[in-house]
Amino acid sequence: MSSSDIFIGETIGTAVLILLGGGVCAAVTLKSSKARGAGWLAITFGWGFAVLTAVYTTTALSGAHLNPAVTVGIAVKDGEWGNVPVYFAGQILGAMIGAALVWVAYYGQFRAHLTDPEIVGDLADEPIEGPHDGTPKQPAGPVLGIFSTGPEIRVVWQNLATEVIGTLVLVLAVLTQGLNDSGKGLGVIGGLITALVVVAIGLSLGGPTGYAINPARDLGPRIVHALLPLPNKGGSDWGYAWIPVVGPLAGGALAAGIYSLAFA
């Protein structure tokens, strides 16, 4: 695979991933969406189908990593780091494009949601409590959960551990499936298995933090949330933003270490 193939494939694939994954979050959350209130099952299966679609779309181009944690896991396992920056660049750009497309697709719903006093109220001005002592932190906006993740209970070590554990499961599942015969990533069945693993992680481990398990999935859309001209959007919770980046990267590296010890 050439660097251009990797960059294009990861950009397209991650954009599709975030468009469909962020889209189901918007569908469940926003006022005047036909799917509003559909619940956690809709979100977890929506993200799983998003992974499935993105993997099948771009495996031939880039191997469909679509996740810096997967890229790190494969790099640690194989000892090949040359294309890692290219993967990262495509993934972050694709995630930002996908998040922007969610805003376009739900433009009217965003405006209706964020201008409705019953929904917004003083929400954009409410502080997030600190990890233990109620210390006010940067406020999170009422639609931030469409773009990025956040904890239900803010305990830093637990939030970080949850992201490490969830990503470890994902990356270990990817690595133990192996690469396809052409060496370009998961095979045909591998894409389906990975999508089902993502659903399983969401159902079993997604409750505490919203299961980012992908630094690009969280960071790219969080940047877009900060940049978009959304009324009453509130803060982007940058104080939490390092956890869904560091946690998944650590989980991916740990999964590669376990693979090397147990399966290689």
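That block above? That's the structure.
What you see is a predicted model, and the numbers here were worked out from it, not measured in a lab. (Residues numbered from 1 in each chain as written. Predicted model: local features only at pLDDT ≥ 70, side-chain atom pairs only at ≥ 80, totals over all residues. Heavy atoms only, no water.)

## Looking at the overall build of the protein chain
Here is step 1: The number of helices and strands found in the protein chain is 11 helices and zero strands.
Here is step 2: For the protein chain, the succession of helices and strands along the chain, N to C, is α-α-α-α-α-α-α-α-α-α-α.
Here is step 3: Taking all 264 residues of the protein chain together, the buried fraction comes to 50%.
Here is step 4: Long-range pairs, those at least 24 residues apart, make up 78% of the contacts in the protein chain with a sequence separation of at least 6.
Here is step 5: Accessible area for the protein chain stands at about 11300 Å²; split by element, carbon and sulfur atoms hold 66% of it. (Helix = DSSP H or I, 4+ residues; strand = E, 2+ residues; numbered from the N terminus. Buried < 20%, exposed > 50% of the residue type's maximum accessible area, 1.4 Å probe, protein only. Contact = heavy atoms within 4.5 Å. Areas by Shrake-Rupley, 256 points an atom, 1.4 Å probe, with all protein chains shown as cover.)

## Considerations on empty space enclosed by the protein
Here is step 1: Counted by the stated rule, this structure contains one cavity of 30 Å³ or more.
Here is step 2: For the largest cavity, the calculated volume is near 40 Å³.
Here is step 3: Of all the secondary-structure elements, those providing two or more residues to the lining of the largest cavity are helix 1 (3-29), helix 4 (84-105), helix 7 (144-147) and helix 10 (215-227).
Here is step 4: By residue class, the composition of the lining of the largest cavity is seven nonpolar, one polar and one charged. (1 Å grid on protein atoms, 1.4 Å probe; cavity = no way out; pocket = protein on both sides within 12 Å on 5 of 7 lines; lining within 4 Å. Points joined across faces, edges and corners; volume = space filled by probe spheres on them. Nonpolar A, V, L, I, M, F, W, Y, C, P; charged D, E, K, R; others polar.)

## Overview of the packing of helix 3 (residues 68-78) against helix 11 (residues 243-262)
Here is step 1: For the pair helix 3 and helix 11, the least separation of the axes is 8 Å and the interaxial angle reads 30°. By the angle between their axes, helix 3 is roughly parallel relative to helix 11. Considering how the two elements wind past one another, helix 3 and helix 11 form a crossing that is right-handed. Between helix 3 and helix 11, the residues in contact are P68, A69, V72, G73, V76 and K77 and P248, L249, G252, A253, A256 and Y259, respectively.
Here is step 2: Looking at the contact of helix 3 with helix 11 residue by residue, the class counts come to nine nonpolar, two polar and one charged. (Axes fitted to C-alpha atoms, helices over the stretch in contact; angles between N-to-C directions. Parallel < 35°, antiparallel > 145°, perpendicular 65-115°, else oblique. Left-handed = near helix turned anticlockwise from the far one by under 90°.)

## As for the nonpolar core
Here is step 1: One finds L17, W47, F110, V143, I146, F147 and L230 to be the most contacted residues of the largest nonpolar core, which totals 52 residues.
Here is step 2: Here this core gets eight residues from one element, more than from any other, and that element is helix 1.
Here is step 3: The contact partners of L230, leaving out residues within four places of it in the chain, are W103, F110, L114, V143, F147 and H225. (Core = buried A, V, L, I, M, F, W, Y, C linked by side-chain atoms within 4.5 Å.)

## Topic: the side chain of N214
Here is step 1: Counting through the fold element by element, N214 comes out in the loop between helix 9 (188-205) and helix 10.
Here is step 2: In this structure N214 comes out as buried when scored by relative accessible area, which is 5%.
Here is step 3: In this structure the side chain of N214 is engaged in a polar contact, spanning 3.0 Å, whose partner is the backbone nitrogen of A216.
Here is step 4: With sequence-adjacent residues up to four places away left out, N214 is seen in contact with L17, L66, N67, P68, P244 and P248. (Polar contact = N/O pair within 3.5 Å; in protein donor to acceptor, adjacent residues only side chain to side chain.)

## As for the environment of A95
Here is step 1: Mapping A95 onto the fold places it in helix 4.
Here is step 2: The sequence separation of A95 and F147 amounts to 52 residues, and the corresponding C-alpha distance is 9.8 Å.
Here is step 3: For A95, the residues in contact, after removing those within four places along its chain, are T14, A15, I18, A216, G220 and P221.

## Let's talk about the pattern of salt bridges
Here is step 1: This model, assessed by the stated rule, comprises four salt bridges.
Here is step 2: For R154, the salt bridge identified is with D237, shortest N-O distance 2.8 Å. Of this pair, R154 sits in the loop between helix 7 and helix 8 (156-177) while D237 sits in the loop between helix 10 and helix 11, and the two are 83 residues apart along the sequence.
Here is step 3: A residue is classified by how much of its surface remains accessible, and R154, at 15% relative accessible area, is buried. (Salt bridge = Lys/Arg side-chain N within 4 Å of Asp/Glu carboxyl O.)

## Focus: the packing of aromatic side chains
Here is step 1: Here the structure, examined in full by the defined rule, presents five aromatic pairs.
Here is step 2: Centre to centre, the rings of W40 and Y211 are 5.8 Å apart; their planes meet at 70°, and the pair counts as edge-to-face. Here W40, found in helix 2 (residues 40-62), pairs with Y211, found in the loop between helix 9 and helix 10; they are 171 residues apart in sequence, far enough to count as distant.
Here is step 3: Residue classification places W40 among the partly exposed residues on the basis of a relative accessible area of 36%.
Here is step 4: Their ring planes at 75° and their centres at 5.8 Å tell us that W103 and Y107 sit as a pair that is edge-to-face. (Phe/Tyr/Trp six-rings, centres within 6.5 Å; stacked < 30°, edge-to-face > 60°.)

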